[in-house]
Amino acid sequence: MGRLRRLFSLQRFIERPHFVPGDTCESFLARIRIRKLLQYSRLAAVILMFAGPVAILFYEQPGGTWLGLTLLACGVVALLLIPLVARWSLLQQRSEWVSLLMTLYFLGPCAAPVLCGPIQDQGRTFVILGLAVSTYCLSRQSFLVNYACVAAAWIATWILNGVPFGTDDILYFFLAVPVVGYLICSLQTDALVSLFDLHRLALDQQQTLERTLEQLTLEIDRRQDEERLRAESHEQLQEQQQKLLHVSRLSALGEMTAGVAHEIRQPLHALSMYAGVLSTLAGEPQPDLAKLRSVSEKVGEIVQHTGELLRSLQSFASRGSQQMSPVSIEEVIRDAVLLTEPEWRRQRVQIRIDQEEPVAFVRGDDVQLQQVLVNLLRNSCEAMGTSPVDDRQIHVQLRVQNGHVEIHVADTGCGFAAEEKAHLFETFFTTKEDGLGMGLSISRRIVEEHCGTLELVTGDQTGATFLIRLPVLEPGRPDTIHGGSSSLSD
Amino acid sequence: MVDRVLYLIDDDESARVATTLLLDVNGYSVTAFESAEAFLQNVNTPRGTVIADVQLPGISGLQLLRKLTARECAVSIVLMSAQADDALAAEAMNAGAVSLLLKPVHPGRLMEIIEQCVGRDA
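The present account deals with the structure reproduced in this document. A quick note: this is a predicted structure, and the numbers were derived from the prediction, not measured. (Residues numbered from 1 in each chain as written. Chains lettered and ligands numbered in written order. Predicted model: local features only at pLDDT ≥ 70, side-chain atom pairs only at ≥ 80, totals over all residues.)

### Side note on the overall build of chain A
Turning to step 1, where the next piece is worked out: Within chain A, the secondary structure is distributed over 13 helices and 7 strands.
Turning to step 2, where the next piece is worked out: Of all 490 residues assigned to chain A, the portion counted as buried reaches 31%.
Turning to step 3, where the next piece is worked out: Restricting to contacts in chain A with at least 6 residues of sequence separation, those with at least 24 account for 74%. (Helix = DSSP H or I, 4+ residues; strand = E, 2+ residues; numbered from the N terminus. Buried ≥ 20, exposed ≤ 12 C-beta atoms within 10 Å, placed from the backbone. Contact = placed C-beta atoms within 7 Å.)

### A look at unusual backbone geometry
Turning to step 1, where the next piece is worked out: Across the junction of Lys103 of chain B and Pro104 of chain B, the peptide omega takes the value -5°, indicating a cis bond.
Turning to step 2, where the next piece is worked out: Here Pro104 of chain B is to be found in the loop between β5 (99–102) and α5 (107–121).
Turning to step 3, where the next piece is worked out: Here the phi dihedral of Arg348 of chain A falls at roughly 55°; this positive angle occurs in a residue that is not glycine.
Turning to step 4, where the next piece is worked out: You can see Arg348 of chain A is positioned in the loop between α10 (341–346) and β2 (350–355).
Turning to step 5, where the next piece is worked out: A count of 17 C-beta atoms within 10 Å places Arg348 of chain A in the partly exposed class.

### Structural notes on the sheet that holds strand β4 (residues 74–81) of chain B
All names here are of chain B.
Turning to step 1, where the next piece is worked out: Pairing within the open sheet is parallel, and its 5 strands lie in the order β2-β1-β3-β4-β5. Each of the sheet's edge strands pairs with one partner strand only, and the pair in question is β2 (29–33) and β5. Neighbour-to-neighbour, the strand axes of this sheet turn through a mean angle of 20°, independent of strand direction.
Turning to step 2, where the next piece is worked out: Bridge count for strand β1 (residues 5–9) against β2 is 5 bridges, and the pairing is parallel. Bridge assignment links Tyr7 to a residue of β2, and that residue is Thr31. (Pairing = 2+ DSSP bridges. Axes fitted to C-alpha atoms, helices over the stretch in contact; angles between N-to-C directions.)

### A word on the nonpolar core
Turning to step 1, where the next piece is worked out: By size, the foremost hydrophobic cluster in this structure holds 44 residues, and its most contacted members are Ile329, Val362, Leu373, Leu377 and Val409 of chain A.
Turning to step 2, where the next piece is worked out: Contributing elements (two or more residues each) for this core: α7 (167–283), α9 (329–339), β3 (360–364), α11 (366–383), β4 (393–401), β5 (404–411), α13 (439–449) and β7 (463–475) of chain A.
Turning to step 3, where the next piece is worked out: Aside from chain neighbours lying at most four places away, what touches Val409 of chain A is Leu376, Leu377, Ser380, Ile394, Val396, Thr465 and Phe466 of chain A.
Turning to step 4, where the next piece is worked out: By size, the runner-up hydrophobic cluster in this structure holds 41 residues, among which are Val277 of chain A together with Leu21, Ile77 and Val105 of chain B. (Core = buried A, V, L, I, M, F, W, Y, C linked by C-beta atoms within 7 Å.)

### Examining the interface of chain B and chain A
Reports often express the size of an interface as the amount of accessible area lost when the parts come together.
Turning to step 1, where the next piece is worked out: Listed by partner, the interface residues are 19 residues for chain B and 21 residues for chain A.
Turning to step 2, where the next piece is worked out: If one sorts the elements of the side of chain B that touches chain A by residue count, helix α1 (residues 13–25) of chain B sits on top with 7 residues.
Turning to step 3, where the next piece is worked out: Tallied by class, the residues present in the side of chain B that touches chain A amount to 10 nonpolar, 7 polar and 2 charged. (Nonpolar A, V, L, I, M, F, W, Y, C, P; charged D, E, K, R; others polar.)

### Description of the packing of α11 of chain A against α13 of chain A
Residue and element names in this part refer to chain A.
Turning to step 1, where the next piece is worked out: Two elements in contact, α11 and α13, have axes separated by 9 Å at closest approach and are oriented at 145°. The chirality of how α11 crosses α13 is left-handed. Between α11 and α13, the residues in contact are Gln368, Gln371, Val372, Asn375, Leu376 and Asn379 and Gly439, Leu440, Ser443, Ile446 and Val447, respectively. (Left-handed = near helix turned anticlockwise from the far one by under 90°.)

Spatial relationships are all this shows, so hold off on functional conclusions.
Following this line, the structure appears as structure tokens:
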């Protein structure tokens, strides 16, 4: 049963006129050749089985009976044997058996008239030559040349033998018909093979395209995965960076604490003195009211100033996460100067702030921007430790240019060596003995997160100038932000 | 007549103004300076009581104390500091300061010390 089904599916496979997906060139060629052989053998069988009795009955030359029997035998072989061998060879994947069978089958009816005697001596040479060439060509699978050779051999035989039109011609006609049929089949095969090549090319391209598409899909999936992972790790990184910023701020605050304590003790001392003044004045029989008012105003001023300092400290220390809002750069600079006051006063540094009108606003986190300014101002103070006392100046210049707020922070300190300049913004690079090397790298990152730039403009022995550029929000104070940064003063 | 002339040296303006006013309303004639250098330039032969902050730009209060002691000036020196500790206090006392006061100083305590100095000078 299995073998029958196999033969049946083989038959269906053979009958397919065109290539099927999965065909190789060899399997396609074998299928076409077998199909051709089967068609041809059916046709030839009919003709030969008809030509055999005709030769026996009407061919009166010697050997005519043998010729007729040979043709009849060839017809039977064509009808029964050839399909069996063809299918068997296809099952065995042995296409050379098909070639051999075709050669033998072709040789049979062609050689019969020669061997049985109807064709004279002169003609035999040509016939046998033609058969030899055609057999050779069959083995090379060039059917067109094969049949051209056979046809030439037959025509030469006719001409040389001077055969008149009669029963011989009818016989030859019968023999020629399968040859012509075979020729037509062969042409069809060639066309099909060309078609197959084209289809195979298209199939190859399609397969290549499908493979490419598959690879692209995989690549897209991979990139999407990567992107997702990157986004996740970016989020984690952002969180870590925010923590780092906070820690670095607290560390700066820790370093500034001694100065801060000093800075709070000074106004407290002044307040204590004024308390003494008030107490003394209160003890007088005729208190000087003008003096009393003056003292109370001064007390108010000191309390206000100290309150501002505490507010800056608190906001500088407390904020853990980034909060973007419209920020007045002027206020940022003012707060940073206030926060670093103990340091620049201790170092006897003069700070000068120049700013162009109107006041510039940027979109950003005020505490983080303060952190940048505090870092720069503290660095400048430290860089001027060895400068002459009357030449310790920090010049902060604020201006708006080409849609950017530009903040120049220039000092008259010791500047940087060429080697230092190259690594200035790298994390863990420091020129200080007890420095961590975080300040400038963190500052640059903060500024870049605000879509700005932080760079060293000049840094020779006469001092360093840093430039912060931030995209300006709007010149002047926009109405929409009254509730924002100004809430403290409200 | 008790010499009620005082010198005050403090770089912090608000503290300087407040202290000057306190001493003024208590009947002292105060000459205030913002640095030790300014004091040394303007006062050739200092005498009386000098009240100086320790953390001064340039010459510190402690250095001024040593300079004046070396010159054998007839001055009593009271030091004040916003960042005083035991080591600094010991150093100040060894150098000959009358007292080292930690800011903020109670006005009564300051007046008490100054009264002592002025009384001793007299």
